[in-house]
Amino acid sequence: MEKLLGLEGTRRQKIIEAGLREFAVRGYDDASSNVMAKEAGLSKPLMFHYIGSKKDFYLFLYDYCMNRLK
């Protein structure tokens, strides 16, 4: 997630929000990386460049939400 965290604020926030929406609506198994990339305004390969894998992104978002709640 270092590449994602290294992005400027607006782009990073778009990726995070797209992931949160998609996982919240569809759950982990049915979440689409294509939808996340499109909503974030990125190509799918560029999305994976920043997030690594769907599992890594999901775990990152879990930690992100937990830290926000604290």
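Below: a short report on this structure. (Residues numbered from 1 in each chain as written. Predicted model: local features only at pLDDT ≥ 70, side-chain atom pairs only at ≥ 80, totals over all residues. Heavy atoms only, no water.)

### Remarks on the environment of Lys 55
Keep this limit in mind: Segments assigned H or I by DSSP are reported as helices when at least four residues long, segments assigned E as strands when at least two residues long, and all are numbered from the N terminus.
Among the structural elements, Lys 55 can be located in helix α5 (residues 54–69). Separated by 27 residues in sequence, Lys 55 and Tyr 28 place their C-alpha atoms 8.4 Å apart.

### Here we look at the pattern of salt bridges
What counts, and what does not: Here, a salt bridge means any Lys or Arg side-chain nitrogen found within 4 Å of an Asp or Glu carboxyl oxygen. Note on classification: 1.4 Å probe, protein chains only; a residue is buried when its accessible area is under 20% of the maximum for its type, exposed when over 50%, partly exposed between these limits.
This model, assessed by the stated rule, comprises 2 salt bridges. Glu 39 is paired through a salt bridge with Arg 21; the nearest N and O atoms lie 3.0 Å apart. One end of the pair, Glu 39, is in helix α3 (residues 33–40); the other, Arg 21, is in helix α2 (residues 9–30), with 18 residues separating them in the sequence. In this structure Glu 39 comes out as partly exposed when scored by relative accessible area, which is 39%. For Arg 21, a relative accessible area of 41% corresponds to the partly exposed category.

### What about the nonpolar core?
Test applied: Only buried residues count toward a nonpolar core. Its members are Ala, Val, Leu, Ile, Met, Phe, Trp, Tyr and Cys residues joined through side-chain atoms within 4.5 Å. We call two residues contacting when some pair of their heavy atoms lies within 4.5 Å.
In this structure, Leu 4, Ile 15, Met 47 and Phe 57 are the most contacted members of the largest nonpolar core, which totals 18 residues. Broken down by secondary-structure element, the contributors of at least two residues to this core are α2, α3, α4 (44–51) and α5. Those residues in contact with Leu 4, other than ones at most four positions away along the chain, are Arg 12, Ile 15, Ile 16, Tyr 50, Phe 57 and Phe 60.

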